[in-house]
Amino acid sequence: MSDKKVVLSAIQPTGDMHFGNYFGAVKNWVDLQENYDCVYGVVDYHAMTMPYEPSKLRQNTWELIFNLLAAGVKAEHLFIQSLIPEHAELCWIFNCFTSYGMLQRMTQFKDKSSQSKETGGEGFISAGLLDYPVLQAADILIYRADYVPVGKDQEQHLELSRNIAQRFNNQVGKEYFVLPETLFTEVPKVMSTADPTRKMSKSAGDKHFINVFADESRIRKQIRSAVTDTGEMEEGKMSPGVENLFSLLKASGRQEAHDSLIQDYNAGALKYSDLKEAVAEGLVALSSTFRERKAELQANKKEIKNQIKGSTWEIRKRAQQTIKDVKDLTGLMNVRF
Ligand code: TRP
């Protein structure tokens, strides 16, 4: 074991990876690998909390694994949640240390449960959806994580994780669980190029996200048709569409092009077609590297899958140690059969 601080993060396996996911989370994961003991999960148990397609879940899980590897996450840091059933076990134990009222007050629960009523989910709201943040707390605390790099929308869940840890520690009379902190890093907020007032997201429909692995012509086309001015902008204020394009340009590492185009903008001489061209160049360059890597990985599918099973197994040992300790502390049975 290293003396590096533990970083834990996770993503749900929901198909494609878009540039919002990449710049907003995955790139950060890649960068953190240098200086922290990183543990990153593909959380398929979480993906069952809303109505979903059972025949696609496993495929989406592997797809996300390959996408993460192609984007630069190292295999040794990755695990698949359902291969570590200790997460579900700790979740159960934590259920008994969690306030029911607090779960009902979680913003994400309120949003998703009302959403499911509206969108023909037949008003079915699973107990899993209510319990979602407890499973998330288990994901985090089971590795005694110091830091969790997540966006603002997850802050409330982090707070709940700390509550659970604190209550557990109080009840068992030992400062066993580390209280995890949110690791805020500056990440760009990537907006939809078709409607720059909303976040880039898959759920809004095809034109509202740009797939990291899309082919070059599609990326160029999506950027070419990006909304820039809507005509009714305040004097002297950059429109959301133009701001988003600049932010994508910077995120894709084109600082010089960014600065020189900003100068044009300030001088009132910016041609939107130039800005779009530069953004497309940046995204296409990243995308082609990722696509190449993904093709290589997919040529060795079996080997890569085995590697991930191996890394999951190694990470599982850490989870098992925590469960052993927790059983001792809580009075549950702890025998080897
Ligand atoms: N709830 C997180 C999200 O929607 C995903 C997640 C599950 C997670 N478990 C986690 C994030 C543990 C960080 C740590 O983005």
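Calculation rules
- Residues numbered from 1 in each chain as written.
- Predicted model: local features only at pLDDT ≥ 70, side-chain atom pairs only at ≥ 80, totals over all residues.
- Heavy atoms only, no water.
- Helix = DSSP H or I, 4+ residues; strand = E, 2+ residues; numbered from the N terminus.
- Buried < 20%, exposed > 50% of the residue type's maximum accessible area, 1.4 Å probe, protein only.
- Polar contact = N/O pair within 3.5 Å; in protein donor to acceptor, adjacent residues only side chain to side chain.
- Contact = heavy atoms within 4.5 Å.
- Domains from an automatic or database assignment.
- Buried area = accessible area lost by both parts, 1.4 Å probe.
- Axes fitted to C-alpha atoms, helices over the stretch in contact; angles between N-to-C directions.
- Parallel < 35°, antiparallel > 145°, perpendicular 65-115°, else oblique.
- Left-handed = near helix turned anticlockwise from the far one by under 90°.
- Nonpolar A, V, L, I, M, F, W, Y, C, P; charged D, E, K, R; others polar.
- Near = heavy atom within 4 Å.
- Areas by Shrake-Rupley, 256 points an atom, 1.4 Å probe, with all protein chains shown as cover.

Topic: the environment of Ser-2
Part 1 of the argument: Assignment of secondary structure puts Ser-2 in the segment before strand E1 (6–11).
Part 2 of the argument: Remark: the alpha-carbon pair of Ser-2 and Asn-21, spanning 19 residues in sequence, is separated by 29 Å.

Here we look at the side chain of Ser-252
Part 1 of the argument: Relative to the elements of secondary structure, Ser-252 occurs in the loop between helix H9 (240–251) and helix H10 (255–266).
Part 2 of the argument: Overall, Ser-252 belongs to the buried group, its relative accessible area being 11%.
Part 3 of the argument: Engagement of the side chain of Ser-252 in a polar contact is seen with the backbone oxygen of Leu-249, the distance being 3.0 Å.
Part 4 of the argument: Setting aside residues no more than four positions away along its own chain, Ser-252 makes contact with Phe-23, Gly-282, Leu-283 and Leu-286.

Points about the domain arrangement of the protein chain
Part 1 of the argument: One can read the domain layout of the protein chain as domain 1 (6–187 + 301–330) and domain 2 (206–296).
Part 2 of the argument: Relative placement of domain 1 and domain 2: their C-alpha centres are 32 Å apart.
Part 3 of the argument: Facing the 14 residues of domain 1 at the interface are 15 residues of domain 2.
Part 4 of the argument: Roughly 1200 Å² is buried in total at the junction of domain 1 and domain 2, and carbon and sulfur atoms are behind 72% of that figure.

A closer look at the packing of helix H6 (residues 127–141) against helix H7 (residues 155–172)
Part 1 of the argument: Direction vectors running N to C along H6 and H7 enclose 70°, while the axes themselves pass 9 Å from each other. Viewed along their axes, H6 and H7 adopt a mutual orientation that is roughly perpendicular. Relative to H7, the crossing made by H6 is right-handed. Across the interface between the two elements, Tyr-132, Pro-133, Val-134, Gln-136, Ala-137, Ile-140 and Leu-141 of H6 pack against His-157, Leu-158, Leu-160, Ser-161, Ile-164 and Ala-165 of H7.
Part 2 of the argument: Residues that form the contact of H6 with H7 fall into these classes: ten nonpolar, three polar and no charged.

Some remarks on the site of the ligand
Part 1 of the argument: Close to the ligand lie Leu-8, Ala-10, Val-43, His-46, Tyr-132, Gln-136, Asp-139, Ile-140, Val-148, Val-150 and Gln-154.
Part 2 of the argument: Gln-136 places a polar side-chain atom, nitrogen or oxygen, 3.0 Å from a nitrogen atom of the ligand.
Part 3 of the argument: Contact between the ligand and Gln-154: a nitrogen atom at 3.1 Å from a side-chain N or O atom of the residue.
Part 4 of the argument: Against a free-state accessible area of 370 Å², the protein chains account for coverage of 87% of the ligand.
Part 5 of the argument: The set of elements that each furnish at least two residues to the shell around the ligand consists of E1 and H6.
Part 6 of the argument: In terms of residue count, the dominant contributor to the shell around the ligand is H6 (four residues).
Part 7 of the argument: Looking at the shell around the ligand, its residues break down into seven nonpolar, three polar and one charged.

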